[in-house]
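This is what each chain is made of:
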Amino acid sequence: MLAKIYNWVDERANLDGLNRVLLKRHTPASTNWWFTFGSTALFLMILQVITGSLLAMNYVPSAEASASSIVVGPDGFPAPVSQAYASVNYIMTGVPFGGFLRNMHYWGATLIVIVLLLHIGRIFAMGAYKYPRELNWLAGVVILIIVMTFGLTGYLLPWDQRSYWATVVAVNIAGSVPLIGPYLHSVIAGGTSVGPVTLTRFYAVHTLILPGIVFALIGIHLYLVILNGVQGMPGRLDAAYEQEQKSRT
Amino acid sequence: MNEAVWIVLGIAICSYLGLGIWLAIRRMQAPIPVLASSAPIPAACSGCPLLQPNIMAMSSAQLNHQTEDERLEPDRAGQPDGGEEPENEGRRRFLTRIIFAIGGVIALVIALPVLTYILAPVLQMSSGDSGKTAELGPVSDFPQDKMVQKTFKAKVDEGWIKGKEVDGTVYVRNLGNNQFLALSATCTHLGCTVNWKPDQNEFVCPCHGGRYTPQGINIPGTPPPKPLARYNAKVTGGKVVIDL
């Protein structure tokens, strides 16, 4: 039954072609576990997108406190807080598996940076940034910077003391750049200092602007990997693989 | 009412799957022969896959007289094996299946919390008692056997919002003996506010002409599909209070 559906779509959309190029592509015989970090990073990125989208269904990016954004503190007394903090608190306490999804997003953020650093380290150690893969390396560098920006913008969103002051420090560091420092500071903060405007700005960057850019870059990155093939362990040449790569258009 | 919807949905899905499984097993056990005529098949056509019974189940590779490998890897067609001996092939298939199975488990572990998270408002809907009440007024406001209209303001929690103000209109009838009939004034047709007409002894909805009896039962032949909703009303401290 599944085969019939597959054949129907394949005759109209060339699924076999996609299959051959993306999923059933060959890798040199010398690949080992070191070569898995790129896929792991991609998997974590997809996970972050999914968990992030779900969190966004309940999160409010507003630093305004209102009569309706009340959180019961550890002392048992309700206190008015910002709507952002109240919505995060609701995710943790009021929604089933909200805490699970938020923690996955939180730890996923840390893990993706670690996996990316391992990936970069492996590429560097094996010299896989050399010809013809220089463009891929450049795309990867930009992806790294964007992932770190994801971390910076996402850190502010809960709008609690730690988020606020960490962002103040980071934006001040940006402001200490000679010549353009003050302009950078005001562009990033959205004003003279980190405030409600910054929260809105960071939320838009974190959920709309950066995902768009990083999806395009990851697409380019993967395209280049498939085009140039995987460089196996340095010093161990797989002749059949090299010949196949050369003969492909 | 919501439980009934889930039960019906569950029965529908299970019966669909059950029917599908039963039909698949039957087809495996009794394949349908293709040739109705008794003309003999020419010798040159023996072994032709196009004459096999299950032509619809054949992949495009078989129909095009290709092997699976030729179809998926035209570059390697005709080259030396490179490890595709039968024993490696079996190993490859097994590992592929295991990887897909583990992937399926991972997807399930992620999908169940995700679906519960998304469907949270549905799960919270049927939990019923919100614990909030609205005060309508002292008992003296409600003379015996007269329909009295009251508006109330209440605060409910919705999502991250605590104490969202809602207001409503309720019709209350003092039945005597500290019993009260409290009907919601929201028409069950499309949500307009109904009016009590004492001279007609009916509730009339101004939007589409829906009518209800004095007990709030919808009169057949008019638009509303169900009776007006009832609040639990009781007397607390000399005041009439309804549960929200």
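Structure first, text after, so check above.
This one's a predicted model, so the numbers in the text were calculated from it and none came from an experiment. (Residues numbered from 1 in each chain as written. Chains lettered and ligands numbered in written order. Predicted model: local features only at pLDDT ≥ 70, side-chain atom pairs only at ≥ 80, totals over all residues. Heavy atoms only, no water.)

Next up on the list: the pairing of strand β1 (residues 65–72) of chain A. All names here are of chain A. Alignment of β1 against strand β2 (residues 78–82), held across 4 bridges, turns out to be antiparallel. Counterpart to Val71 in the pairing with β2 is Ala79. Linkage of β1 to β2, two consecutive antiparallel strands, is achieved through a turn of 5 residues, within which Gly76 is found at a positive phi near 90°. (Pairing = 2+ DSSP bridges. Helix = DSSP H or I, 4+ residues; strand = E, 2+ residues; numbered from the N terminus.)

Okay, helix α9 (residues 196–228) of chain A next. All names here are of chain A. With 33 residues, α9 should cover 48 Å at 1.5 Å per step; its first-to-last C-alpha distance of 46 Å lies within 8% of that length. The largest bend in α9 amounts to roughly 40° and is located at Val205. Where α9 ends, the next residue or the one after it, Gly229, has phi of about 75°, a positive value. (Expected span 1.5 Å × (residues − 1). Bend = angle between axes of the 7 residues up to and from the residue.)

A few words on the nonpolar core. Core analysis: the largest hydrophobic core is formed by 24 residues, its most contacted members being Tyr59(A), Leu101(A), Trp159(A), Leu199(A) and Tyr117(B). When residues of this core are traced back to their parent elements, those giving at least two are α3 (37–56), α4 (83–93) and α9 of chain A together with α4 (86–118) of chain B. Here the element with the most residues in this core is α4(A); it accounts for 5 residues. Setting aside chain neighbours within four positions, we find Leu101(A) in contact with Thr51(A), Leu54(A), Leu55(A), Val114(B) and Tyr117(B). (Core = buried A, V, L, I, M, F, W, Y, C linked by side-chain atoms within 4.5 Å. Buried < 20%, exposed > 50% of the residue type's maximum accessible area, 1.4 Å probe, protein only. Contact = heavy atoms within 4.5 Å.)

What follows deals with the sheet that holds strand β9 (residues 233–236) of chain B. Residues and elements named next belong to chain B. As summarised here, the arrangement of the 3 strands in space is β1-β10-β9, forming an open sheet in which the pairing is antiparallel. Each edge of the open sheet carries a strand with a single partner, namely β1 (133–138) and β9. Taking each pair of neighbouring strands and ignoring which way they run, the sheet shows an average axis angle of 35°. For β1 and strand β10 (residues 239–243), the ladder comprises 5 bridges, and the chain directions are antiparallel. Along β10, the bridge assignment pairs Thr133 with Asp243. (Axes fitted to C-alpha atoms, helices over the stretch in contact; angles between N-to-C directions.)

Further remarks concern a nonpolar patch on the surface. A cluster of nonpolar side chains, contributed by Met57(A), Trp6(B), Leu9(B), Ile13(B), Tyr16(B), Leu17(B), Leu115(B), Ile118(B), Leu119(B) and Val122(B), occupies part of the molecular surface with about 990 Å² of accessible area. Those elements that place two or more of their residues in the nonpolar patch are α1 (2–29) and α4 of chain B. Examining the composition of the nonpolar patch, we find that 5 residues originate from one element, α1(B), more than from any other. Assignment of secondary structure puts Ile118(B) in helix α4. (Patch = residues over 30% accessible without salt bridge, like charges linked within 9 Å, V, L, I, M, F, W, Y side chains within 5 Å. Areas by Shrake-Rupley, 256 points an atom, 1.4 Å probe, with all protein chains shown as cover. Salt bridge = Lys/Arg side-chain N within 4 Å of Asp/Glu carboxyl O.)

Now for the sheet that holds strand β2 (residues 147–158) of chain B. Residue and element names in this part refer to chain B. Taken in spatial order, the 4 strands line up as β2-β3-β4-β8 in an open sheet, and their pairing is antiparallel. Both edges of this open sheet fall to β2 and β8 (230–231), since each of them pairs with a single strand only. Relative to strand β3 (residues 161–176), β2 is paired through 11 bridges, and the arrangement is antiparallel. Looking across to β3, one finds that Glu158 is bridged to Ile161.

A few words on unusual backbone geometry. All names here are of chain A. A cis amide bond links Tyr131 with the next residue in sequence, Pro132, at an omega value of -5°. Here Pro132 shows up in the loop between α5 (98–125) and α6 (134–156). Phi is positive for Asn14, which is not a glycine, with a value near 55°. Looking at the element boundaries, Asn14 is found in the loop between α1 (2–13) and α2 (15–23).

With that settled, the discussion passes to the state of the cysteines. All names here are of chain B. Scanning the entire structure with this criterion turns up 1 disulfide over all chains. Note on cysteine connectivity: Cys192 is disulfide-linked to Cys207, with sulfurs 2.0 Å apart. Because the torsion about its S-S bond is -100°, the bridge between Cys192 and Cys207 counts as left-handed. Of the two residues, Cys192 sits in the loop between β4 (179–184) and β5 (195–197) while Cys207 sits in the loop between β6 (202–204) and β7 (211–212), which places them 15 residues apart along the sequence. Looking at the unpaired Cys205, the closest cysteine sulfur is the one in Cys187, lying at 3.7 Å. (Disulfide = S-S within 2.5 Å.)

The partner chain B presents 23 residues to the 35 residues of chain A that form the contact. Taken together, the two surfaces of chain A and chain B that pack against each other cover about 2600 Å², and 65% of this comes from carbon and sulfur. Contact with chain B buries area across many residues of chain A, yet Arg20(A), Ser68(A) and Tyr90(A) alone supply 19% of it, more than any other trio. Scanning the region where chain A abuts chain B turns up 0 salt bridges. The tally of links from chain A across to chain B stands at 3 residue pairs in polar contact (both at pLDDT 80 or more). Of all the secondary structure elements, the ones that give two or more residues to the side of chain A that touches chain B are α1, α2, α3, β1, α4 and α5 of chain A. Taken together, the residues of the side of chain A that touches chain B break down into 17 nonpolar, 10 polar and 8 charged. (Buried area = accessible area lost by both parts, 1.4 Å probe. Polar contact = N/O pair within 3.5 Å; in protein donor to acceptor, adjacent residues only side chain to side chain. Nonpolar A, V, L, I, M, F, W, Y, C, P; charged D, E, K, R; others polar.)

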